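# Structural overview
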Amino acid sequence: MAKHPKSSAKPDQKQVKRIALFNHKGGVSKTTTTFNLGWMLASKGHRVVMVDSDPQCSLSGLVLGYKGQDEFEKFYKTQPGRNIRDGLSPAFESRPKEIEGIKCVPVKGNDNLFLLPGHIRLSEYEVSLGMAQELSGTIQTLQNLPGSISYLLAKTAEFHKAEYILIDMNPSLSSINQNILMTSDYFIVPTSPDYFSVMAIDSLATVFPRWRAWSKKAGSMPVFHEAAYPFPTIVPKFLGTIVQKYRVRDRSTASQEEGSAPTSGTPAAGFQKWINEINAKVINTLLPVLRQHEMTLSDAEYHKVGIEKDYCLASISDFNSLIAKAQEHQVPVFLLTKEQIRLSGKVLNLTNESKDIFERIFSTLADEVIEMTTDDHGS
Ligand SMILES: Nc1ncnc2c1ncn2[C@@H]1O[C@H](COP(=O)(O)OP(=O)(O)OP(=O)(O)O)[C@@H](O)[C@H]1O
Ligand SMILES: [Mg+2]
């Protein structure tokens with residue numbers, strides 16, 4: 001059984017930088033980005049805890065190499081307490097014990113990187129959290145719930161001396177997501193270049209103000225800040241979007257001939273159109289709303305990393321054949337070895353070239369994140 005770090009002191013919720021990766025649209029690379037960015041931040045010397053808050057548990061599956069429910073059930077049984085649901089259970093199941101930090105799973109191949117595993121039944125806590133967050137009725141019995149996730153993450157980060165927490169969220173507008181997003185210091189919105197991502201940005205521009213109004217109210221209610229797990233007063237700041245998984249204009253015929261070389265470069269025209277539309281939606285619709293609700297950094301902060309024109313932190317093309325190999329070996333795409341890639345000749349050269357480009361893209365993304373989160377922008 002995993003040992004729990006015991007400490008009754010209230011954690012300093014400001015010490016660690018929490019970054020949520022959120023879009024209620026599914027399949028936009030939230031999990032993939034959490035893993036690749038988390039790995040890159042950790043490679044740059046920062047201690048990082050990745051949190052899997054999605055009951056689909058894709059991130060946990062990727063890191064632990066699990067394929068099916070049986071493997072997860074075995075993990076929950078043999079290592080009780082070592083997942084997000086068990087960590088929260090003292091609050092949600094009114095256990096007579098305090099929430100403690102979780103001893104996370106170390107990620108193979110990276111000493112600075114840890115996983116707080118997800119749980120496929122975390123969604124069972126949705127209803128009670130939703131009731132607690134309605135801010136009405138007999139709230140006293142539920143007063144410890146809204147601050148509990150934040151408390152668990154702070155305690156876990158404290159135990160691991162983490163500088164960053166990256167939270168992989170599920171694609172929904174659930175109470176848990178509302179809670180996690182609004183108690184994070186920063187958030188990134190991953191997107192994919194299609195019509196649905198454009199629509200999703202539109203709907204986020206109506207969701208965020210509602211969530212902000214809720215967190216403002218919850219933060220001002222004595223019942224929540226006098227709770228055993230106080231609800232933190234945080235205003236999450238938008239770092240930017242990421243657009244991912246577009247096809248590029250053909251660089252060479254080698255990939256066409258042999259069919260397996262990944263490419264990276266300028267998006268093909270059909271994808272560029274959607275990228276432009278996403279950027280326009282962010283600039284014209286999302287940003288003004290976020291600014292109005294103090295959920296942005298200062299203009300100078302975006303300018304500092306050169307994203308003031310489109311608020312796009314990174315454009316990442318389709319990894320093609322590299323994605324399956326990265327998943328098979330549980331490593332980021334940019335760290336696949338020649339043996340793992342299993343290609344030769346022209347295709348291998350092209351693949352290596354693309355891999356280097358992906359490495360540079362994630363390195364730049366990590367540098368931007370470090371730069372933008374270095375000062376304390378929280379309010
Ligand atoms: N750049 C990429 N190139 C190729 N495939 C990718 C890329 N990014 C993600 N994928 C693949 O696309 C699928 C969706 O990605 P991912 O699981 O990261 O999205 P998600 O936003 O976390 O999805 P969900 O909303 O279901 O949690 C996965 O199969 C993943 O392996
Ligand atoms: Mg996911």
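Scroll up to find the structure.
For the structure given in this document, a descriptive report is provided here. (Residues numbered from 1 in each chain as written. Chains lettered and ligands numbered in written order. Predicted model: local features only at pLDDT ≥ 70, side-chain atom pairs only at ≥ 80, totals over all residues. Heavy atoms only, no water.)

### Digging into the sheet that holds strand β3 (residues 105-106)
Judged by pairing direction, the sheet is mixed, and its eight strands sit side by side in the order β3-β4-β2-β5-β1-β6-β7-β8 without closing on themselves. One side of each edge strand has no neighbouring strand; the edge strands of this open sheet are β3 and β8 (312-317). Bridge count between β3 and strand β4 (residues 113-116): two bridges; the pairing is antiparallel. In the sheet register, Val-105 faces β4, and the bridge partner there is Leu-115. Taken strand by strand, helix α15 (residues 345-372) contacts β1 (17-21), β5 (164-168), β6 (186-191), β7 (237-246) and β8, and its axis lies near 165 degrees from that of β8. (Pairing = 2+ DSSP bridges. Helix = DSSP H or I, 4+ residues; strand = E, 2+ residues; numbered from the N terminus. Contact = heavy atoms within 4.5 Å. Axes fitted to C-alpha atoms, helices over the stretch in contact; angles between N-to-C directions.)

### Quick notes on the site of ligand 1
Neighbouring ligand 1 are 17 residues, the closest being Lys-30, Thr-31, Thr-32, Phe-319 and Gln-327. In this structure, Gly-27 approaches ligand 1 through a main-chain N or O atom, which is 3.0 Å from an oxygen atom. The contact in question runs from an oxygen atom of ligand 1 to an N or O atom on the backbone of Val-28, over 2.9 Å. When ligand 1 sits alone it has 630 Å² of accessible area, and the protein chains cover 81% of it. Elements represented by at least two residues in the shell around ligand 1 include exactly α1 (30-43), β7 and α13 (321-329). Element by element, the count of residues in the shell around ligand 1 is highest for α1, at three residues. Across the shell around ligand 1, the residue classes break down as four nonpolar, nine polar and four charged. (Near = heavy atom within 4 Å. Polar contact = N/O pair within 3.5 Å; in protein donor to acceptor, adjacent residues only side chain to side chain. Areas by Shrake-Rupley, 256 points an atom, 1.4 Å probe, with all protein chains shown as cover. Nonpolar A, V, L, I, M, F, W, Y, C, P; charged D, E, K, R; others polar.)

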